[in-house]
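So you can see what is in the structure, the chains are spelled out below.
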Amino acid sequence: MHRAIPVFTLLIAAFVLNAQPPATGNPENGKRLFTAVGCYQCHGRGAQGGAAGPRLGPKVMVLPAFLIYVRHPAGAMPPYTTKVISDAALTDIHAYIRSMPPPAKPADTPLLNP
Amino acid sequence: MRKPSPPRVDRRSFLRGAGAGAAVLATQNSVAQAQQAPAARAAAPVPAAHEVAAETSAPARVEAQTTEHPGADFMIQVLKSLGFEYVCANPGSSFRGLHESVVNFGGNQAPEFITCCHEESSVAMGHGYAKIEGRPLAVFAHGTVGLQHASMAIYNAYCDRVPVYIVLGNNLNAATRRSWVDWVHSVQDAAAMVRDYTKWDDAPASLQAFAESAVRAYKIAMTTPAMPVVLVADAQLQEDPIPEGADLRIPKLRLANPPQGDQQAVAEIARMLVAAENPVIVAGRVARTPVGMERLMELAEILQAAVVDTRLRMNFPTRHPLNQTDRRGPAIRDADLILGLDVSDFYGAVNDISQQLVYSSRRLTKARLVTIQSSDLYVKSNYQESQRYQEVDLSVAADSETTLPALIEAVRALLTADRKRALQERGAKLAEAHRAMFEQARADAGYAWDASPISTGRLCAELWAQIKNEDWCLASSPGFVSNWPFRLWKFDKPYHHIGSSGGAGIGYGAPAAVGAALANRKHGRLTVNIQSDGDLMYAPGVLWTAAHHRVPLLTVMHNNRAYHQEVMQVQIMANQHNRGIDRAYIGTRLDNPEISYAKLAQAFGMHGEGPISDPTDLGPALQRAIEVVRRGQPALVDVVTQPR
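Residue numbering note: each chain is counted from 1, following its sequence as written. All chains are assigned letters beginning with A, and all ligands numbers beginning with 1, in the order in which they are written. Under the rules for a predicted model, residues below a pLDDT of 70 receive no local features and side-chain atom pairs below 80 are neither given nor counted, while totals for whole chains, interfaces and linings still include all residues.

**Q** Sorry, what's going on with the interface of chain A and chain B here?
**A** When the parts come together, some accessible area is lost, and that loss is often what is quoted as the size of the interface. Think of it this way: build a C-beta for each residue from its backbone, and any pair within 7 Å is a contact. Tallying the contact residues gives 31 residues for chain A and 36 residues for chain B. Numbering of helices and strands runs from the N terminus; a helix is a DSSP stretch of H or I covering at least four residues, while a strand is a stretch of E covering at least two. Here the side of chain A that touches chain B gets three residues from one element, more than from any other, and that element is helix H3 (residues 39-43) of chain A.

**Q** I'm lost on the sheet that holds strand E14 (residues 368-373) of chain B in this one. Help?
**A** In a beta sheet, neighbouring strands pair by backbone hydrogen bonds and run either parallel or antiparallel. Residues and elements named next belong to chain B. Strand order in the open sheet formed by five strands is E10-E9-E11-E14-E15, and the pairing between neighbours is parallel. Either end of the sheet is taken by a strand with one partner, and the two such strands are strand E10 (306-309) and strand E15 (394-397). The sheet shows a mean angle of 15 degrees between the axes of neighbouring strands, direction not considered. Only strands joined by at least two bridges in the DSSP assignment are considered to pair. Strand direction decides the pairing type here: E14 and E15, joined by four bridges, are parallel. Note on E15: the bridge partner recorded for Ile372 is Val396. Geometry is summarised by axes, namely lines fitted to C-alpha atoms with helices restricted to the contacting stretch, and by angles between N-to-C directions that run from 0 to 180 degrees.

**Q** Looking at this structure, how should I read the sheet that holds strand E16 (residues 472-474) of chain B?
**A** All names here are of chain B. Taken in spatial order, the five strands line up as E16-E17-E18-E20-E19 in an open sheet, and their pairing is parallel. The open sheet has two free edges, formed respectively by E16 and strand E19 (607-612), since each of these has just one partner strand. Sheet twist, expressed as the average angle between the axes of neighbouring strands with direction ignored, equals 15 degrees. Relative to strand E17 (residues 526-532), E16 runs parallel, the two being bridged by three bridges. Bridging from a neighbouring strand, Leu474 pairs with Val528 of E17. Contacts between helix H18 (residues 456-467) and the sheet are confined to E16, E17, strand E18 (553-559) and strand E20 (635-640), with E17 contributing the most and set at about 170 degrees to the helix. Helix H20 (residues 509-521) rests against E16, E17 and E18 of the sheet, and its axis sits at about 180 degrees to E17.

**Q** How should the pairing of E10 of chain B be read in this particular structure?
**A** For a regular strand, side chains alternate in direction, first toward one face of the sheet and then toward the other. Residues and elements named next belong to chain B. Exposure classification rests on a simple neighbour count of other C-beta atoms within 10 Å of a residue's own: a residue reaching 20 or more is buried, one at 12 or fewer is exposed, and one in between is partly exposed. C-beta atoms are placed from the backbone. Side chains Ala306 and Val308 of E10 all project onto a buried face; the interleaved residues Val307 and Asp309 project onto the opposite face, where all are buried too. Here four bridges tie strand E9 (residues 279-283) to E10, and the two strands are oriented parallel to one another. The partner of Ala283 across the bridge, within E10, is Asp309. For a crossover, the right-handed case is the one in which the path from the first strand over the helix to the second runs clockwise, viewed with the strands pointing away from the viewer. Chirality of the crossover, the property in question, places the unit of E9, helix H13 (residues 291-303) and E10 among those that are right-handed.

**Q** What is the right way to look at the nonpolar core in this model?
**A** Proteins that are soluble and globular tend to have nonpolar side chains buried together. Any nonpolar core is a set of buried residues, restricted to Ala, Val, Leu, Ile, Met, Phe, Trp, Tyr and Cys, that join up through C-beta atoms within 7 Å. Counting 176 residues, the largest nonpolar core has Val87 and Val139 of chain B as its most contacted members. Once you skip the residues sitting within four places of it in the chain, Val139 of chain B turns out to touch Val87, Cys88, Ala89, Ser122, Val123, Gly126, Val164, Tyr165, Ile166 and Val167 of chain B. Judged by nonpolar contacts, the second largest core, of 28 residues, contains Val70, Val84 and Ile93 of chain A together with Met568 of chain B.

**Q** How should I be thinking about the packing of helix H5 (residues 71-81) of chain B against helix H6 (residues 96-105) of chain B in this particular structure?
**A** A pair of packed helices is captured by two measures, namely the crossing angle of their axes and the spacing between those axes. Residue and element names in this part refer to chain B. Contact geometry of H5 with H6 gives a least axis separation of 8 Å together with a crossing angle of 65 degrees. The orientation of H5 with respect to H6, classified from their angle, is roughly perpendicular. Relative to H6, the crossing made by H5 is right-handed. For the pair formed by H5 and H6, the contact residues are Ala72, Asp73, Met75 and Ile76 on the first element and Gly97, Leu98, Glu100, Ser101, Val102 and Phe105 on the second. Grouping the amino acids of the contact of H5 with H6 by side-chain chemistry returns six nonpolar, two polar and two charged. What sets the label is the angle itself: under 35 degrees gives roughly parallel, over 145 gives roughly antiparallel, 65 to 115 gives roughly perpendicular, and the rest give oblique. The handedness criterion is simple: a crossing whose near helix is rotated anticlockwise from the far helix by less than a right angle is left-handed, and one whose near helix is rotated clockwise is right-handed. Residue polarity is assigned by list, with Asp, Glu, Lys and Arg as charged and Ala, Val, Leu, Ile, Met, Phe, Trp, Tyr, Cys and Pro as nonpolar; anything else, Gly included, falls into the polar class.

**Q** It is not clear to me how the environment of Arg311 of chain B should be interpreted in this structure. Could you clarify?
**A** Residues and elements named next belong to chain B. Mapping Arg311 onto the fold places it in the loop between E10 and helix H14 (328-334). For the pair formed by Arg311 and Thr325, sequence separation is 14 residues and the distance between their alpha carbons is 9.2 Å. Leaving out residues up to four positions away in the same chain, Arg311 has contacts with Phe486 and Gly499.

**Q** When you look at the confidence of the model for chain B in this model, what are you seeing that I'm missing?
**A** Low-confidence regions, as indicated by low pLDDT, have predicted coordinates that should not be scrutinised in detail. Residues and elements named next belong to chain B. Looking at any residue, its pLDDT shows the predictor's confidence there, from 0 to 100. Overall, the prediction assigns chain B a mean pLDDT of 91, with 90% of residues at 70 or greater. Considering only residues more than four positions removed or in separate chains, one finds that residues 1-6, a stretch of pLDDT under 50, has four contacts. Low confidence marks residues 15-44, where pLDDT is under 50. Its contacts with residues over four positions away, or in another chain, come to 33 contacts. Predicted as a complex, the structure gets a pTM of 0.90 and an ipTM equal to 0.85.

**Q** What is the right way to read helix H8 (residues 145-159) of chain B from this model?
**A** Each turn of an α-helix holds 3.6 residues, which means side chains three or four residues apart point in the same direction. Residue and element names in this part refer to chain B. The span one expects for a helix is its residue count, reduced by one, times 1.5 Å. In this model H8 runs 22 Å from its N-terminal to its C-terminal C-alpha over 15 residues, within 8% of the 21 Å that 1.5 Å per residue would give. At Ser151, H8 shows its largest bend, some 45 degrees. For H8, every residue scored as buried is listed here: Gly146, Leu147, Ala150, Met152, Ala153, Ile154, Tyr155, Asn156, Ala157 and Tyr158. To get the bend at a residue, fit one axis to the 7 residues ending there and another to the 7 starting there, then take the angle between the axes.

**Q** Even after reading the chapter, I still don't get the environment of Glu566 of chain B, so can you show me in this structure?
**A** Residue and element names in this part refer to chain B. Mapped onto the fold, Glu566 is located in helix H23 (residues 564-576). Exposure remark for Glu566: the 15 C-beta atoms within 10 Å place this residue in the partly exposed category. Placed 19 residues apart in sequence, Glu566 and Tyr585 show a C-alpha to C-alpha distance of 9.2 Å.

Set out below in structure tokens:
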């Protein structure tokens, strides 16, 4: 249980930081990194999410919150420390996730109509 | 009314039935004469002419070398009495007697011999078959090398509480082993290797004992909780003539009624359910038979209670308004009473276990906990499939499907008009939550809709469009494709889904689907298998079995070119060890070279198309494949997909 307190604190911090303005980054390099560091394995190549990990984009938490969460995740996600990936690389990944196209709308997609 | 007497098979009537009794008697007389001849020779210094003739006479030796009524014929009669439709086997010398009797004496009908390319496929086919048919098929295997191949599939069936009837060939009498192969394929205690994960086994030493053990094995396999059983058929018993004067009898099979929960305990559960404000029913392996789903629906509807389905059986319709499976988190959290019905991992259902470096778990709910489960009636210790112990407030050792009618009746008796109105209000809220859940699923599937590799949401939406107007069955576990079929498709028939492997042993998917399709064939159902690539690579020869035996099955490859579950496991280790995950692909990818599953299918003589990586090509490819399946053949479409 002792681990629950710092994780909870970090999540609160992430929530507060979510109000900060969005940051920039290189989405092209972020796309390369998204595959190279294995984000797609759980979250899908389009960051669409699935059973192994939640959807990440195109609507994404702001960069400071994103950085905190990736360093100190909850649930099944393994932690990515600065030794493993730099803030600059995460910034590029963040930019890539934000650049994802919007989803197909069910009403406009015959295959998604009941 | 006079009861029919059990079949009695004395040797003479058995032989008359086969139509050659006199020939066998003549053979045995010849054997006796031939065995006496050497002694006669020793006593006579000069062989007489008739003695020379006796030694060199071809007809006498031919007669001595044959028998038209081997013990295996009787064994097959026993298996026929149990109603087996099929026997799945990779041929093996230790059960050659049985094999020959199936195809000749038995006419290769009931059971029909299904040629398998691996014993693991044989057992997993039996697993999938039983999920549809509700009863086992037979599997023949070597008691040594065959059983070693089969063992993982047996473990899956054991964990999944599914009956598979395994007959092992073995040559126990060392004095009759003819070659070195007979020796290396013989074992003192054949079933020992799988005894930890089978329910019962026996090695009968006579034909009469075989008959009794065979019927007992069937009864035990089918008694709740159902599990695999093993029967050893000694090679000498199979191949030697039925003893002169043998009075063989096949016992009558009478299956045991499954146990219903204690009446007082059921009444107490009913009181708790009616009084609860937010009861949740967690469905494990409830629907053993087709009536299970109806009974669970009835209980949920009279209570207007939320149902969370673990999807180990086709327990509850996916579009039912009370189905809250995809919002299990809030449902469990807000519950004040949780009823677990044959849930294999109740601890996992009501606790959250951290996946981080230091183990921790926390209870998700303050609800009172009640279980009805048959697993309390039969427990083994070595393999740890029992899951973590969950303390509960009331526990009933019984079969939940069998207990449901009494529970429903007890609940009905307690419901007042006022209480019914309150429950209707609860049901309306749950229905609204279900509607929102389904809308969310449709919206979620739209993400990465046009992506290549193809998203698993798009794959399942395309497939649903092609099968929704058919009488279909999904014979694979959708967990590998993020459960999209459960989120998007309308499952409402008992055969729409067969659950999962039970033991999470990879290599189950393809053969279980072929077995389910074999069972579905006589019903004319379109069986669909969303097939993981890593799973198929364990024993792809089962596709040939499907082609050879004309098993109509649509296989849609979920080809993510990796053992993706394990990619993620290595990632977790690499990051927890602070080394980065860039080498996690080593040992987990299935590329370089990429595997062409379409060509693999074609090599086995079946329709194969792909690889398909453009989602707009998928619908037409599926249509072409389904046309093949409608003609009674298997077909495969290779789809290059996203990981999950």
